Amino acid sequence: MKKPKKQKEAKQKFSMELMWKQRYLLMMSVPFLIWLIIFKYVPLWGWIMAFQEVVPKSFALPVWERRFVGFKNFIDAFTDRLFAQTMINTIGISILGIVIGTAAAVIFALFLNEIRMEGFKKVTQTVSYLPHFVSWVIIASIAKMLLNDGGAIETMFGVKLHLMSTNSPLFWVVVCLINAWKEVGWDAIIYLSAMAGIDQGIYEAAKVDGANRFQQMWHITLPGIKPTAIVLLIMSVGSALNVGMERQMLLSNGIVQDHAMVLSWFAYVRGIGSNNYGLGTAIGMFQSVVGIILLFIANKVAGMIGESKLV
Amino acid sequence: MLEKKKGIFDYILLVLFCGMIFITVYPFLNVLAISLNDPMDTMRNVNFIIPRKFTLSNYQYVFTSNNMLKPFALSVLKTLVGTGIGVVFTSMLAYVLSRKDFYFNKSFTIIFIITMYVSGGMIPEYLLIMRTLKMGNNFWVYIIPGMIWVYNVILMRSFIEGMPMALQEAAKIDGANDLVIWSRIIFPLCKPVLATVALFVAVGQWNSFMDTYLYARELPTLQYILYEIIENAQIKIDPHAAALGQVKNAVSPMSVRMAVTVIATVPILVVYPFLQKYFVGGMTLGAVKD
């Protein structure tokens, strides 16, 4: 059966009279539209540089006069001596970050939800998302003081851990743990609000049936937040290649740099550091396009295994 | 209702979360203690949360050396200007986009929302700002490229849409134009959501580091100075010199760094109670939308 279509508001016809009537609205929005086009759409148009040879000298030329080189920039990027390791780092840090971050947030929310002393619960939550608001520079300053060789952690436990000076995937773990420490309370907010939405009647019924608290957490709370977790997972898969350069650069040092380099940083090093604008743009474009593809795949997979989809 | 008897599990939780609070707070206390401690004494062992030899010399150094004061002032200025401009412009645009009778409502909204999902990326943006617009090392590079966040516009638009239409209609009958309706009626009534957006933008501005790193190294902010200290301290400190007692200065990079870290963190702590109140509300508001 067809639903009766909702009566749409009569579509206004374009006329100078209408434009005059709405001149204040135009005045209040068109400048921002121009701003948006300059700062957001012009860089998108800049993707064309991925297919051109663009170095500082040729950048000044009009777009059509620069030399088109097809996919050369992409091939150069993929065959770069840094690329393979960079790709492995990016994927490694992403996966590890998703796993550690999600697990930490879910477990934190799950147990916080069980606290029955309301005051204590509130204090804990308030303290937990404080680090979220602190900048990465500050976090890096603190982390290096605590984790460097001879830092507070090593002196506290009297062991040599070399957390920030081991040129191995250990650095991924360190980065992801620091990130989890910073974001766990913040990420838990969304799970806690999902938990607040679970029907209390279900818990009552389970209690009557004799379920203990662990059984309630396992069989009611966890399934209750599953849809939220799936949506967040799909989104994080979509941004799997977008590991931020800022955090990596600030936390790394000369020793661990091999394992800290990620795609966005690589784009900076090649694009701005060595002035190969075309190559840098190509790497950025690769990141975006793969991100969109991954998002669609994750979304499809979630639909196939019968989970809620994003779109 | 539920029986509120406390079992063993409740006490385990209590201990667990006290540990959690400790892990979160300890690094900050440690930094604070080092910044208030005598630099020479700190080199002995960095592991303490109560200053062993109290001194304000580290802060004195920071606040008397000129290459620290200017970045601090710049950080404050950039945060104030960025937040002021951001809040006014965001609400203006949000108001226009909330007006269903505006001819371009749909098309403008779509053009704005697309930019939330696709962006040109770092290199084209860098070239636009540095090469085409020549905004490098100019104060406005901190303000203009990021002056409006589309997310905040959407947040504010849904708030305005929730206001009774009668307010606007009454003003219109009294002869007010759209600019007056926005500035006299909508803007003042948006206070709760304005607070949320102002905090978002202010924290973003205060914490931002990449904008200086990419576009304005000659106009360093506090965050950038801290970054430079972190980088340089690793080069400058010579362990042999330290061991031989050749470091005679009253300041050490470590202690100065910790003092700057504290100074950069304090504004966040000051606004934190407000952040708490509005941010979390703002976040769920954004989540519930549509």
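As shown above, the structure is provided for reference.
Per chain, residue numbering runs from 1 following the sequence as it is written. Chain A is the first chain written and ligand 1 is the first ligand written, with later ones labelled in order. Totals for whole chains, interfaces and linings use all residues, but because this is a predicted model, local features are given only for residues with pLDDT of at least 70 and pairs of side-chain atoms are given and counted only at 80 or more. Side-chain calculation: all heavy atoms of the structure are included, whereas hydrogens and water are not.

Asks: Even after reading the chapter, I still don't get the overall build of chain B, so can you show me in this structure?
Replies: Elements are defined by DSSP. Helices are runs of H or I of four residues or more, strands are runs of E of two residues or more, and each kind is numbered from the N terminus. Looking only at helices and strands, chain B features 14 helices and zero strands. Going residue by residue from the N terminus, the α and β elements of chain B occur as α-α-α-α-α-α-α-α-α-α-α-α-α-α. Burial classes: relative accessible area under 20% of the type maximum marks a residue as buried, over 50% as exposed, and values in between as partly exposed (1.4 Å probe, protein chains only). With 290 residues in all, chain B has 48% of them scored as buried. Only heavy atoms matter for contacts: two residues are in contact if any of them lie within 4.5 Å across the pair. Restricting the contact set of chain B to residue pairs at least 6 apart, pairs at least 24 apart contribute 69%.

Asks: In this structure, what is going on with the packing of helix H7 (residues 150–161) of chain B against helix H10 (residues 191–207) of chain B? I would like to understand it.
Replies: The relative placement of two packed helices is expressed as an angle between their axes plus a distance between the axes. Residues and elements named next belong to chain B. Here the axes come from fitting lines to C-alpha atoms, over the contacting stretch only for helices, and the angles between their N-to-C directions go from 0 to 180 degrees. H10 packs onto H7 with a crossing angle of 170 degrees between their chain directions and a minimal axis gap of 10 Å. Taken together, H7 and H10 sit at an angle that is classed as roughly antiparallel. Facing H7, whose interface residues are Tyr 151, Asn 152, Leu 155, Met 156 and Phe 159, H10 presents Pro 192, Val 193, Leu 194, Thr 196, Val 197, Phe 200 and Val 201. In these notes the angle categories are as follows: under 35 degrees is roughly parallel, over 145 is roughly antiparallel, 65 to 115 is roughly perpendicular, and the rest is oblique.

Asks: What am I meant to see in the packing of helix H2 (residues 23–45) of chain A against helix H5 (residues 105–117) of chain B here?
Replies: Two elements in contact, H2 of chain A and H5 of chain B, have axes whose closest approach is 11 Å; the angle formed by their N-to-C orientations is 30 degrees. Our classification of the angle between H2 of chain A and H5 of chain B gives roughly parallel. In the crossing of H2 of chain A with H5 of chain B, the sense of the turn from one axis to the other is left-handed. Seen from H2 of chain A, the contacting residues are Ser 29, Val 30, Phe 32, Leu 33, Leu 36, Lys 40 and Tyr 41 of chain A; seen from H5 of chain B, they are Phe 108, Ile 111, Phe 112, Ile 114 and Thr 115 of chain B. Each residue gets one label: Ala, Val, Leu, Ile, Met, Phe, Trp, Tyr, Cys and Pro are nonpolar, Asp, Glu, Lys and Arg are charged, and the others, such as Gly, are polar. Partitioned by chemical class, the residues of the contact of H2 of chain A with H5 of chain B number nine nonpolar, two polar and one charged. Left-handed describes a crossing whose near helix is turned anticlockwise from the far helix through less than a right angle; right-handed describes the clockwise counterpart.

Asks: Sorry if this is basic, but what is going on with the environment of Val 201 of chain B here?
Replies: Residues and elements named next belong to chain B. In this structure, Val 201 sits in helix H10. Each C-alpha atom of the pair Val 201 and Asn 152 lies 9.1 Å from the other, and the pair is 49 residues apart in sequence. For Val 201, the residues in contact, after removing those within four places along its chain, are Gly 82, Thr 83, Trp 149 and Asn 152.

Asks: It is not clear to me how the interface of chain A and chain B should be interpreted in this structure. Could you clarify?
Replies: When the parts of a complex come together, some accessible area is lost, and that lost area is often used as the size of the interface. Listed as interface residues are 86 residues of chain A and, on the opposing side, 92 residues of chain B. The term buried area refers to how much accessible surface (probe radius 1.4 Å) is lost by two components on association, counted for both of them together. On the chain A side of the contact with chain B, Met 28, Phe 32 and Phe 133 of chain A bury the most area, a combined 9% of that side's loss. We define a salt bridge as a contact between a side-chain nitrogen of Lys or Arg and a carboxyl oxygen of Asp or Glu at a distance within 4 Å. Our enumeration of links across chain A and chain B arrives at two salt bridges. A salt bridge links Arg 213 of chain A to Asp 10 of chain B; its shortest N-O distance comes to 3.1 Å. Identification of polar contacts relies on pairs of N or O atoms within 3.5 Å, with a donor-acceptor requirement for protein atoms, meaning one able to donate a hydrogen and the other able to accept it, and with residues adjacent in sequence counted only if both atoms are side-chain atoms. For the pair chain A and chain B, the interface holds 18 residue pairs in polar contact (both at pLDDT 80 or more). At 17 residues, H2 of chain A tops the list of elements feeding residues into the side of chain A that touches chain B. Looking at side-chain class alone, the side of chain A that touches chain B contains 56 nonpolar, 19 polar and eleven charged residues.

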